[in-house]
Structures are given as C-alpha cells and as structure tokens.
Amino acid sequence: MEHQSTKTVAARIPPQSSGEAASTRPQERTDRKVVRVLVVENDSPDADLLVLGLRRHGYQTEQVRTGAEALEQYREADLLLVDLDLPDLDGVELCRSIRAVCDVAIIVVTARDTELDRVLTLRAGADDYAVKPCSLTELTARVEAVMRRFRLQPFVPEDVIAVGPLRIDHRTREIRLDGRHIEVTRKEFDLLYLLASRPGSVFSRRQIMTQVWRDPKGQPGRTIDTHVSSLRSKLGCSRWITTVRGVGFRFAPR
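Residues numbered from 1 in each chain as written. Predicted model: local features only at pLDDT ≥ 70, side-chain atom pairs only at ≥ 80, totals over all residues. Heavy atoms only, no water.

## What to know about the overall build of the protein chain
Secondary structure summary: the protein chain contains nine helices and 14 strands in total. Within the protein chain, buried positions represent 47% of all 254 residues. A separation of at least 24 residues holds for 61% of the contacts in the protein chain among residues at least 6 apart in sequence. For the protein chain, the accessible area works out to roughly 12,900 Å², and carbon and sulfur atoms hold 50% of it. (Helix = DSSP H or I, 4+ residues; strand = E, 2+ residues; numbered from the N terminus. Buried < 20%, exposed > 50% of the residue type's maximum accessible area, 1.4 Å probe, protein only. Contact = heavy atoms within 4.5 Å. Areas by Shrake-Rupley, 256 points an atom, 1.4 Å probe, with all protein chains shown as cover.)

## Structural notes on the side chain of Thr110
Residue placement: Thr110 occurs in strand β5 (residues 105-110). According to the relative accessible area criterion, Thr110 is buried, its value standing at 0%. Contacts of Thr110, omitting those with residues within four sequence positions, involve Asp83, Leu84, Asp85, Tyr129, Ala130, Val131 and Lys132.

## Some points on the layout of surface pockets
In this structure, the second largest pocket encloses a volume near 370 Å³. As for the second largest pocket, its lining consists of 16 residues, of which Leu71, Arg75, His170, Asp190 and Arg214 are closest to the centre. Looking at the lining of the second largest pocket, the elements with two or more residues in it are α3 (67-73) and α7 (186-196). Per-element tally for the lining of the second largest pocket: the top contributor is α7, with five residues. When the residues that make up the lining of the second largest pocket are grouped by side-chain class, the tally is six nonpolar, two polar and eight charged. (1 Å grid on protein atoms, 1.4 Å probe; cavity = no way out; pocket = protein on both sides within 12 Å on 5 of 7 lines; lining within 4 Å. Points joined across faces, edges and corners; volume = space filled by probe spheres on them. Nonpolar A, V, L, I, M, F, W, Y, C, P; charged D, E, K, R; others polar.)

## Some points on the confidence of the model for the protein chain
Of the residues in the protein chain, 82% have a pLDDT of 70 or more, and the chain-wide mean is 82. Mean pLDDT across the elements of the protein chain bottoms out in helix α1 (residues 24-28) (38) and peaks in strand β4 (residues 79-82) (96). For the stretch residues 1-31, pLDDT sits under 50, and the model shows 53 contacts to residues farther than four places along the chain or on other chains. (pLDDT = per-residue confidence, 0-100.)

## Thoughts on the pattern of salt bridges
Under the defined criterion, the tally for this structure stands at 19 salt bridges. Residues joined in a network through salt bridges with shared partners are Asp85, Asp90, Arg112 and Asp117. (Salt bridge = Lys/Arg side-chain N within 4 Å of Asp/Glu carboxyl O.)

## Concerning the packing of α7 against helix α9 (residues 223-235)
Two elements in contact, α7 and α9, have axes whose closest approach is 10 Å; the angle formed by their N-to-C orientations is 85°. Between α7 and α9, the interaxial angle falls into the category roughly perpendicular. Every residue of α9 that contacts α7 at Lys187, Glu188, Leu191 and Leu192 is listed here: His227, Val228, Ser230, Leu231, Lys234 and Leu235. For the contact of α7 with α9, the per-class residue count stands at five nonpolar, two polar and three charged. (Axes fitted to C-alpha atoms, helices over the stretch in contact; angles between N-to-C directions. Parallel < 35°, antiparallel > 145°, perpendicular 65-115°, else oblique.)

See the structure below:
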C-alpha cells in the first residue's frame, strides 16, 4: 500500500487583520468548558501552526511528537488530533490502543488519502478523518461537531474499576480484593487495569506491549506471561485473567 509521504501543510491559518481581536472565538465559548486538545504530530512546522491556530480559537492545546508520548498524555485531553505517520507507532495502532481503554474523542489529520486508510482508521476507533491540507476553519468545525456528539453522551467515570470483590483505583494505583490490599508492581497494575477496563474483550500481545510497556515494536517473549502469572497468583485465582490461545488475554470476572 502506497502512502503519501508529503506532509507540508497541516492547516492554513488565515492571518488576522489588525481590527480582528484574537479573543473573538474564545468569547463565544465562555459559556462552556474549554476543550483540551492534544496534537499528536511529528512534523514540527505543521504542528506549530496547528497548535497556534487552535489556541487562537480558544482551545487549550498541547503537542506531542510520538505515539509513546501520546499514550502517556491522552487521559489529560478531551480530544486528540492524530497524524498517522508517527516515528514510533502507526497512527492506526495508536487509535486502536487508546480506544481499547478510553472514549476520548479522536480526529485523524493526515496526508494519507486512500479509502483503505480511512476504513482502517475509523474501524480502529477514530471519530473523524481529515486529509491534509486542511484549513483551520474546516478542522475547527470538525472538532466542534465531534465534541457536540460527545457532550450528548453521559459521563462514565473510569478512574475506579469495581468488579465484584475486586476494586482497581487508577488515581491511587491501589488494588483491593475483598477489602484486602494487593501489592503489585507498576507493570502488573497497568496490565490488570488495561484488561479490566474492557471486561470480556481480548487484548492482543501487541496491544499489551504498546499500552503497558510503551514498546509497540518490542517482542513480548515471556514478559507478558510472567506478569499474568504473577497477577493470577496474587489475586488467588487464575480465572480473573484468561488466555486466548494464539491471540492474547482477557479479563473474565469469576
């Protein structure tokens, strides 16, 4: 599959006239929560223009340049603008990994313009797809449309996962079973939290390596199996985490 490699323009930002105050659009948004946008873009000139334009329009905007950084910071954002061509992780895989554990809004902004890329990206969990070059006016309209849909959805807290006698608190990074504190390592916590965030869903070894170890290109080897075995032992029952042969693992509450 051939991908367009040229990434020269991310957003055409119209110049402001001297009589046009930069606060015009932000004033229109004072009656609602400021949207936090995370730009995931490797091309620095494109990203700088995009971040500047979004800030002028009243969005609280930050930027990261790799998929690994996005995986560290996506929980702090309301919406992600993701380029598919990242140096360490394909954007489609990034969308899939984030969507597996979080309902944050995602818009892909990329130079790729094939039907296959669109289909794969939308199936991976993206909410919209924009092709570069894309004007800032069009992009902000897409952001507003996506966020309108999200505001209509009820907020579901995800900081604490409680399943039967098991309680996983992401804020304090504590695991309790029948009220008893379970001592786990950092990676064991991240692994259990990932699996428990979607009970019954199967997570592939590649997804686990990407989400927990932040290493999408690494070879899982026995690392994941060792951590799963340790968690089963500490939880006192192997049925909490089941193995799907040839695929990965899933959280299956007993």
